[in-house]
Amino acid sequence: MNSQHRNAGDPIQNLAIGKIIEVDGSRIVAELDPGLTELSRVYAGEMYPIGQFGSIVRIHFGRRLIYALVGRLRMKAEYEAERGAMPRATSDERIVEADLFGEGEWTHDDSGKRNLHFERGIATYPLPQQTVYLTPKEELRSIYGHFKGSVIQIGEHVGMGGAPCLADLNELLGKHTAILGSTGAGKSAAVAAIVHSLVDRGKDETYEEWKPQVVILDPHNEYGTAFEGHKRLSTDEGTLSLPYWLLDLDETIGLLIGKTEYAATSQANIVKNALLKARSDAAGNELGLDPNKLTVDSPVPYVLGNPTGLDEFGKKVNGENYDVGLVGAINAQRPNNKNKKDHEDCNKVLRKLDSLLKDDRLSFMMEGWEGGDDPMPSVLAQILGDDHLVRIVDLSGVPNEVAGTASAVIARTLFSMKIWQSVKEREASPMLLVCEEAHRYVPNSGEAQYEAAQSAIKRIAKEGRKYGIGLFLVSQRPSEVEATVLSQCNSWIVLRITNEADRAHVRGVLPDSMEGLTKMLSGLRRQEAIFVGQAAMLPSRIMIRALDDDQLPRSSDIDFDKGWQTQGMSEEALKMVSDRWRCQKR
């Protein structure tokens, strides 16, 4: 039939490839036509491969079209043997297995224009002996572009003649997304491409106002080159301030007592009592707040005091008591005796506090507050203000022993602000948190490198969508990310994964059980991905949109060949590097 005169919903005999021999729930098995000598067909000047993983076939059921995603192509004899039957097939008989995923119907509007009404899900099931057809690319482009509402383009569909891959904006952000792939597969570039699409949407749609709020936790200082005009928060530039008083009780105990002595109940009680006393004093004396309405976790600034020069009984060397701020509240809990052993718990806490205050690397966290104006609004404005669209929190310069605490404070602060906003405030300022190296925050087993951040990230994953905070979990080791957290993601962008354990983990938690797609993961090209979930119109194989060099993260591999063609580092250059190293300043 001439492609120019046929009805869109009519069968195309040149695209028929075989007949169904089994329908098992949402899975069909079809035997390929014995006359097929090549695994490809040509229609309307375009090549159609047969049996390719991720390709789409259709079955006609009256005027309805039923679509299935190809997951497997194999010999019929192998299929029969797997079912325990005596193989009867000849050596060249083949079958294709596919998963049913949607239905459609072509209609005409009042102007005579053809439209495909497509829906995910299956209400009509095909029958054995029905013919299976390849899906015309014109029809595929209609399916892929069928989205209604707010969408962004994140790439193009592979093998669809440049058909754009659109993602539902609210599903992608509001219900969380996992971006997974091995090192070098293009995860960071994929994140940058999506964030650029979010930022550019206002211009593309000619909105009068468009102010997305994106916060990226960047442990490797790689995203700074990708976004012009972004706000960079870093310790080496002095632009990141996460003051000690922003920490809750658990984080403060972890900072002052540490992991090895975390179970020391007496020390934990000392910190808890002192923290509540210091917050209450500052609230009533400096900020005009009612101390009776505060809790030990309330983010109220308080005076630390000076733990330097105290003897073993909490007194200054000159014999005076020291009773200011947190230090004074700790000393107030000492026993009224001169037994050094009875004072050791207080002394341990004060010695740790003293060492933290003397560590220049921790100035972003341990800078003291001596009363006066409330610093809370300016601290929150760093990561929640409306002056920048993209904020990149560079954690590469944060000491490892407090990196988890710093990450936890940021995530928990974002979530707490959303909880205490009014409904209208929440609706007017949704935000996206991007967590690079997610396996550090929410590991599947063992001890977390960023243990303090676990509960904060988990809570955002489980409850964030209710409060207008979306989450991107980015990881190169999906098998090391906690499965319960990954299961909270309703959309998945999976790039090349070479490790079998990681591929198996992805197959186990993907919301769309498209086994054929996951089998392709080890063979994907750089920037090529499998896109599945609620933000995708249907599970598909895509190429992430290309970016200019000045829009890409600084995560490309070092060119050894090019690098070794240059002059080595002189002694003067080495001194400059060592000075930056010593002073922790880039």
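Higher on the page you've got the structure.
These figures come from a predicted structure and were not determined experimentally.

**Looking at unusual backbone geometry**
Phase 1: Even without being glycine, Gln129 reaches a positive phi, approximately 80 degrees.
Phase 2: Summarising the element assignment, Gln129 is placed in the loop between β8 (114-120) and β9 (131-134).
Phase 3: Residue Gln129 is classed as exposed on the basis of its relative accessible area of 54%.
Phase 4: A positive phi is found at His176, a non-glycine position, where the angle reads about 70 degrees.
Phase 5: Its location among the elements puts His176 in the loop between α3 (169-174) and β12 (177-180).
Phase 6: Since its relative accessible area comes to 1%, His176 is described here as buried.

**Quick notes on the environment of Lys348**
Phase 1: Counting through the fold element by element, Lys348 comes out in helix α8 (residues 340-357).
Phase 2: Note: C-alpha distance between Lys348 and Ile257 (91 residues apart in sequence) is 7.9 Å.

**Focus on a nonpolar patch on the surface**
Phase 1: Together, Ile558, Phe560 and Trp564 make up an exposed nonpolar region whose accessible area comes to about 470 Å².
Phase 2: Its place among the elements puts Phe560 in helix α18 (residues 560-563).

**Regarding the packing of aromatic side chains**
Each aromatic ring pair is specified by the distance between its two centres and by the angle formed by the two planes.
Phase 1: Tallying each qualifying case throughout the model produces seven aromatic pairs.
Phase 2: Ring centres 5.5 Å apart and planes at 40 degrees place the aromatic pair Tyr207 and Trp210 in the tilted group.
Phase 3: We classify Tyr207 as partly exposed; its relative accessible area is 37%.
Phase 4: The partly exposed category is assigned to Trp210, whose relative accessible area is 28%.
Phase 5: Three or more aromatic residues joined by ring pairs make a cluster, and in this case those are Tyr67, Phe101 and Phe118.
Phase 6: Lying over the aromatic face of Trp106, Arg114 brings its terminal NZ or CZ to 5.6 Å of the ring centre.

**Some details on the sheet that holds strand β13 (residues 214-218)**
Phase 1: One open sheet accounts for 11 strands, arranged β11-β10-β20-β19-β18-β12-β17-β16-β13-β15-β14; its pairing is mixed. Sheet topology places β11 (164-168) and β14 (231-234) at the edges, where each strand pairs with a single neighbour. Looking at each pair of strands side by side, their axes are set apart by 30 degrees on average, direction ignored.
Phase 2: With five bridges joining them, strand β10 (residues 151-157) and β11 adopt antiparallel strand pairing. The partner of Gly155 across the bridge, within β11, is Cys165.
Phase 3: The sheet strands contacting helix α14 (residues 454-467) are β16 (431-435) and β17 (469-475), and the helix crosses β17 at an angle near 140 degrees.

**Notes on helix α2 (residues 137-144)**
Phase 1: If you check which residues of α2 are buried, you get Lys137, Glu139, Leu140, Ile143 and Tyr144. Projected onto a plane normal to the axis of α2, the buried residues spread over an arc of 155 degrees and lie on a single side.

**Let's talk about the side chain of Arg496**
Phase 1: By the element assignment, Arg496 lies in the loop between β18 (491-494) and α16 (500-509).
Phase 2: The buried charged residue Arg496 lacks any salt bridge partner; its closest oppositely charged side chain belongs to Glu528, at an N-O distance of 7.8 Å.
Phase 3: Here Leu524 takes part through its backbone oxygen, which lies 3.3 Å from a polar atom of the side chain of Arg496.
Phase 4: Once you skip the residues sitting within four places of it in the chain, Arg496 turns out to touch Gly181, Ser182, Thr183, Gly184, Ala185, Leu521, Ser522, Leu524, Arg525, Arg526 and Glu528.

**Regarding the pairing of strand β5 (residues 56-61)**
Phase 1: Along β5, five of the six residues are buried, which leaves the element largely enclosed by surrounding structure.
Phase 2: Across six bridges, the pairing between β5 and strand β6 (residues 64-75) is antiparallel. The residue of β6 that forms the bridge with His60 is Leu65.
Phase 3: Two successive antiparallel strands, β5 and β6, enclose a turn made up of two residues, where Gly62 displays a positive phi of approximately 65 degrees.
Phase 4: Alignment of β5 against β9, held across three bridges, turns out to be antiparallel. Bridge pairing in β9 places Ile59 opposite Val132.

**Remarks on the packing of helix α5 (residues 249-256) against helix α6 (residues 265-287)**
Phase 1: Remark: α5 packs on α6, axes separated minimally by 10 Å, with the N-to-C direction vectors making an angle of 125 degrees. Here α5 is positioned oblique relative to α6, judged by the angle of their axes. Between α5 and α6 lies a crossing whose hand is right-handed. Packed against α5, whose contacting residues are Leu249, Thr252, Ile253 and Leu256, the element α6 presents Ala268, Val271, Lys272 and Leu275 at the interface.
Phase 2: Residue composition of the contact of α5 with α6, grouped by class: six nonpolar, one polar and one charged.

**A few points about the state of the cysteines**
Phase 1: All chains considered together, the criterion is met by zero disulfides.
Phase 2: Considering cysteine sulfurs only, Cys489 is the nearest to Cys165, which forms no disulfide, with 17 Å between them.

**Some remarks on the nonpolar core**
Phase 1: Residues Tyr302, Leu326, Phe364, Met366, Leu433 and Ile457 are the most contacted members of the largest nonpolar core, which totals 92 residues.
Phase 2: Those residues in contact with Phe364 that sit more than four places away from it in its chain are Thr235, Leu240, Ser241, Leu242, Pro243, Val398, Pro399, Val402 and Ala406.
Phase 3: In terms of nonpolar packing, the next biggest core, distinct from the first, is built from 36 residues, Ala192, Val214, Ala529 and Ala535 among them.

Reading guide: rules and limits
- Residues numbered from 1 in each chain as written.
- Predicted model: local features only at pLDDT ≥ 70, side-chain atom pairs only at ≥ 80, totals over all residues.
- Heavy atoms only, no water.
- Helix = DSSP H or I, 4+ residues; strand = E, 2+ residues; numbered from the N terminus.
- Buried < 20%, exposed > 50% of the residue type's maximum accessible area, 1.4 Å probe, protein only.
- Patch = residues over 30% accessible without salt bridge, like charges linked within 9 Å, V, L, I, M, F, W, Y side chains within 5 Å.
- Areas by Shrake-Rupley, 256 points an atom, 1.4 Å probe, with all protein chains shown as cover.
- Salt bridge = Lys/Arg side-chain N within 4 Å of Asp/Glu carboxyl O.
- Phe/Tyr/Trp six-rings, centres within 6.5 Å; stacked < 30°, edge-to-face > 60°.
- Lys NZ or Arg CZ within 6 Å of the ring centre and 35° of its normal.
- Pairing = 2+ DSSP bridges.
- Axes fitted to C-alpha atoms, helices over the stretch in contact; angles between N-to-C directions.
- Contact = heavy atoms within 4.5 Å.
- Arc of directions from axis to C-beta.
- Lys, Arg positive; Asp, Glu negative; His and termini not counted.
- Polar contact = N/O pair within 3.5 Å; in protein donor to acceptor, adjacent residues only side chain to side chain.
- Parallel < 35°, antiparallel > 145°, perpendicular 65-115°, else oblique.
- Left-handed = near helix turned anticlockwise from the far one by under 90°.
- Nonpolar A, V, L, I, M, F, W, Y, C, P; charged D, E, K, R; others polar.
- Disulfide = S-S within 2.5 Å.
- Core = buried A, V, L, I, M, F, W, Y, C linked by side-chain atoms within 4.5 Å.

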